[in-house]
Amino acid sequence: MQHGYPRPQLQRADWLCLNGTWRFRFDNDALLQHPAEIDHWPLEIVVPYPPESRASGIADRGFHKACWYERDFELAPGNDRVILRFGAVDYSAKVWVNGNLVATHEGGHTPFGADITDMLRADGRQTVTVRAEDDPQDLAKPRGKQDWQLEPHSIWYPRTSGIWQTVWLERVGATYIDRVRWTPRLEGFAIGVEARIHGAAADDLSLELELSHGERLLARDRYRVVDGEVDRYVVLSDPGIDDFRNELLWSPERPTLLDARLRLWHGGKVIDEVRSYTALRSATVLRDRFMLNGRPYVLRMVLDQGYWPDTLLAAPGDEALRRDVELAKAMGFNGVRKHQKIEDPRYLYWADRLGLLVWEEMPSAYRFTRSAIQRTIREWTEAIDRDYSHPCIIVWVPFNESWGVPELPSVQEHRHAVEALYHLTKTLDHTRAV
């Protein structure tokens, strides 16, 4: 069970993985609402594998509306802030640390976190408890290929409930780099960087950026932080003729990544440092042609479900995700459409690094209701925000066929929903096809 850094485009040195054995119990009717109501833990589960999977040690595919997790960990409080992060919990989650509610989140495929510093015990012995609610028969939530019947039928697969991506802790200062977003602009050979700074307001903050390719330093700049953010384009030296230009462009045949190091300065002192990466590439459509880096490019793609025999939606580990990308390329494909699944960021990392194009697709709901559309919009917005900077992603797919909008020819509201999600997606990211 090897899992790499769970957020590959914003990595810190000081982090602690909380995957492994947790205490576990089902709550079939979702009646329990607080950890204090739990008097015993009859089971153990291996996180991040869902309880329906064999790898979890549970392998129970029955109907359970909710389930609970708990584990202890050692962490002494210090001068830094401590952030608890979850890659994905299906479908809605509440999180307590030492009996104190620290986070709530709805959406089974997107990350969330909480600053737990003020909840930590002084003796270093900490407890985290998670309640995951996932009504197996609710068709008005984004669920992708997860079956709503007791036994999988037709084209649907076993359900995935609860924690199914990495849980981890990281230490940060009182003021830290919270988000980084990259936008390549091939015209002009430029890379856009948007950084958001979180924490106590401070004067004299600046962000230092280094971009490099191997041993070659491409840029080193420093920008003043204004109102907690930095938005800049870094113009790289145009190498001239195509042979040199192509060495810096990202494609499946030559997946060139640019390494990035960002340091947050307060006066003359570095108070935060993260590593990231980006790439120079464009992905557009010109009439009936897909264009990669300004030239027609033939897509040879496979529909990839992203399910695993023993772990379901979760991957067995980081090497398995890498092997998945390698196998797609070995079979002659240059891309995948991740069907009805927002994939683990570690898969996107390997697609970035090894060179595989990805269409990212929103898992569908199967009823058309206001709640279903609101849930879809919220989770899709979070997915685009999480994955915007991955160069492998070339297309966003907010709807599959007419799943969730079954009356397109006859019901105007269904057509409006599709048009609205298309325009929302183009608003959040105008650089990719939808």
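Residues numbered from 1 in each chain as written. Predicted model: local features only at pLDDT ≥ 70, side-chain atom pairs only at ≥ 80, totals over all residues. Heavy atoms only, no water.

Participant: What is the right way to read the pairing of strand β5 (residues 81-86) from this model?
Facilitator: Residues in a regular strand project their side chains so that they alternate between the two faces of the sheet. Among the six residues of β5, five are classified as buried, and the element is accordingly described as predominantly covered. Of the strand pairs in this sheet, β5 and strand β12 (residues 167-172) are connected by six bridges, and their pairing is antiparallel. Residue pairing across strands places I83 opposite E170, the latter belonging to β12. (Buried < 20%, exposed > 50% of the residue type's maximum accessible area, 1.4 Å probe, protein only. Helix = DSSP H or I, 4+ residues; strand = E, 2+ residues; numbered from the N terminus. Pairing = 2+ DSSP bridges.)

Participant: Got a minute to help me understand the pattern of salt bridges in this structure?
Facilitator: Two side chains of opposite charge can pair, provided their charged atoms sit close to one another. In total, this model carries 34 salt bridges according to the counting rule given. Across the pair K338 and D304 runs a salt bridge, and its minimum N-O distance is 3.3 Å. With K338 in strand β24 (residues 335-338) and D304 in strand β23 (residues 301-304), this residue pair connects regions lying 34 residues apart in the sequence. For D304, a relative accessible area of 15% puts it in the buried group. Put simply, E343 and K341 hold a salt bridge, and the shortest N to O gap is 3.0 Å. Each member of the pair E343 and K341 is classed as buried. By sharing partners, the salt bridges in this structure join E208, E210, R220, R261, R263 and E273 into a single network. (Salt bridge = Lys/Arg side-chain N within 4 Å of Asp/Glu carboxyl O.)

Participant: Hey, could you run me through the sheet that holds strand β18 (residues 258-266) in this one?
Facilitator: Within a sheet, adjacent strands bond to each other through the backbone by hydrogen bonds, running parallel or antiparallel. One open sheet holds the four strands; their spatial order is β16-β15-β18-β19, and the pairing between them is antiparallel. This sheet does not close on itself; its edge strands, each paired only once, are β16 (216-224) and β19 (269-278). Strand-to-strand twist across the sheet, computed as the mean angle between neighbouring axes with direction ignored, equals 15°. Alignment of β18 against β19, held across nine bridges, turns out to be antiparallel. Along β19, the bridge assignment pairs H266 with K269. (Axes fitted to C-alpha atoms, helices over the stretch in contact; angles between N-to-C directions.)

Participant: For this particular structure, what's the right way to read helix α5 (residues 412-428)?
Facilitator: An α-helix turns once every 3.6 residues. As a result, residues three or four positions apart point the same way. In a regular helix each residue adds 1.5 Å, so 17 residues correspond to 24 Å; α5 covers 24 Å between its end C-alpha atoms and thus fits that length. For α5, the full list of buried residues reads H414, A417, L421 and T425. An end-on view of α5 places all buried positions within 60° of arc, on one side of the element. Where α5 is buried, its residues meet α4 (370-387) and β26 (393-397). (Expected span 1.5 Å × (residues − 1). Arc of directions from axis to C-beta. Contact = heavy atoms within 4.5 Å.)

Participant: Please explain the environment of L356 as it appears in this structure.
Facilitator: Structurally, the position occupied by L356 is in the loop between α3 (345-354) and β25 (357-361). Considering only alpha carbons, one finds L356 and I393, 37 residues apart in sequence, at a separation of 8.8 Å. Beyond its immediate sequence surroundings of up to four residues, L356 is in contact with W250, V325, A328, K329, F333, N334, G335, V336, Y347, A351 and C392.

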